[in-house]
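# An overview of the molecular structure
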Amino acid sequence: GQIVPDRSLLKTPEQIEMIKKSAALNTAVLDHVAAHIHAGMSTAEIDKLVYDFTTEHGGIPAPLNYEGFPKSVCTSINNVICHGIPSEHEILIDGDIINVDVSTILNGYFSDASRMFTIGEVSPEAERIVRVTKECVELGLKAAKPWGHLGDIAYAINSHAQENGYSVVEEIGGHGIGLEFHEEPFVSYVTPKGSEMVLVPGMMFTIEPMINQGSPEFYVDEDNGWTVYTDDDGLSAQIEYMVLIKEDGVEDLQKNTENLPQATPFFAYSGIKKDYRKGQFLFR
Ligand code: MF3
Ligand code: CO
């Protein structure tokens with residue numbers, strides 16, 4: 001009993017080219033946020049950075065109006081697990097950790113990735129959950145092999161989280177991506193090694209575990225229907241990669257820097273001029 005992907009989940013070389021262009025713009029948007037995020041700004045300002053940069057480069061922010069989501073990006077601070085809605089009333093302060101989750105449509109093709117940022121001086125425990133989350137995603141990526149299983153990725157992530165005293169959210173996971181925002185399969189990060197779908201060349205999906213400091217339980221904001229909070233108010237961190245399974249390995253499209261959009265001054269100093277980034281960002 002192996003679970004194998006439907007043919008429709010395997011991307012053609014032409015589709016892969018187009019999705020990679022979308023992913024390159026998505027990465028550029030994240031770089032743009034990284035260059036401008038700082039204490040004292042509102043999450044609505046992050047939303048504007050994302051909307052303006054994406055549309056200036058011919059893209060559409062995928063979250064905007066997606067099933068009623070009202071903004072262009074998800075911004076999830078501290079005890080927010082995911083799907084935080086940017087607001088002019090929410091100001092970044094020293095000590096915050098924030099996930100910025102960017103998704104882009106370019107010429108009809110979808111991409112999706114997220115990073116954690118630390119704002120100013122953060123507590124050792126906040127720093128640790130961000131670092132371990134990055135390690136979890138990297139270990140998940142390493143465990144992904146053509147003809148392996150989705151569960152291999154989950155096992156690598158869940159074991160490392162647990163070894164560090166953290167828990168992994170169960171009911172929210174990753175997804176196929178490319179021709180649609182959310183495609184099959186659902187990607188769990190708590191399933192056993194060797195279980196779940198076989199990783200067939202041509203598949204594309206996200207690795208985006210949500211790592212909680214305390215319990216993995218959560219609740220959803222009743223008023224907006226989106227924002228997901230830790231049940232125990234503990235910290236939560238998430239990093240999202242978008243991967244392509246190939247015959248000879250796995251490509252992380254979030255790190256793709258081919259075909260980056262050109263001709264904005266931002267690229268001249270991206271990641272180089274340290275003082276330009278008032279907020280620090282970790283683990284590019
Ligand atoms: N990476 C997130 C996800 O796949 C992006 C959510 S955008 C939203 O769930 F619009 F759905 F909130
Ligand atoms: Co996603």
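As the structure is a prediction and not an experimental result, all values here were calculated from the model. (Residues numbered from 1 in each chain as written. Chains lettered and ligands numbered in written order. Predicted model: local features only at pLDDT ≥ 70, side-chain atom pairs only at ≥ 80, totals over all residues. Heavy atoms only, no water.)

### Remarks on the site of ligand 1
Around ligand 1, the surrounding shell holds 13 residues, and the nearest of these are H83, D101, H175, H182 and E240. For ligand 1, a nitrogen atom lies 2.7 Å from a polar atom in the side chain of D101. Take D112: an N or O atom from its side chain is 3.0 Å from a nitrogen atom of ligand 1. One can see that ligand 1 is located within the largest pocket. Tallied by class, the residues present in the shell around ligand 1 amount to six nonpolar, three polar and four charged. (Near = heavy atom within 4 Å. Polar contact = N/O pair within 3.5 Å; in protein donor to acceptor, adjacent residues only side chain to side chain. 1 Å grid on protein atoms, 1.4 Å probe; cavity = no way out; pocket = protein on both sides within 12 Å on 5 of 7 lines; lining within 4 Å. Sits in = over half its atoms within 2 Å of the grid points. Nonpolar A, V, L, I, M, F, W, Y, C, P; charged D, E, K, R; others polar.)

### Description of the coordination of the cobalt ion (ligand 2)
Taken together, the protein ligands of the cobalt ion (ligand 2) are D112 (OD), H175 (NE2), E208 (OE) and E240 (OE), with distances of 2.0 to 2.3 Å. Coordination geometry of the cobalt ion (ligand 2): the six donor atoms subtend angles of 73 to 169° at the metal centre, consistent with an arrangement described as irregular. Each donor residue of the cobalt ion (ligand 2) lies on one chain, and together they are spaced D-x62-H-x32-E-x31-E. Of this pair, E208 sits in the loop between strand 9 (204-207) and strand 10 (210-212) while E240 sits in the loop between strand 13 (236-238) and strand 14 (241-246), placing them 32 residues apart in sequence. (Donors = N, O, S within 2.8 Å, 3.2 Å for Na, K, Ca; no water. Tetrahedral: all angles 85-135°; square planar, octahedral: opposite > 155°, others 65-115°. Helix = DSSP H or I, 4+ residues; strand = E, 2+ residues; numbered from the N terminus.)

### Description of the sheet that holds strand 11 (residues 218-220)
One open sheet holds the three strands; their spatial order is 3-12-11, and the pairing between them is antiparallel. The outermost strands of the open sheet, each flanked by one partner alone, are strand 3 (80-82) and strand 11. For this sheet, the mean angle separating the axes of adjacent strands, direction not counted, is 40°. Alignment of strand 11 against strand 12 (residues 228-230), held across three bridges, turns out to be antiparallel. Paired with F218 across the two strands is T230, which belongs to strand 12. (Pairing = 2+ DSSP bridges. Axes fitted to C-alpha atoms, helices over the stretch in contact; angles between N-to-C directions.)

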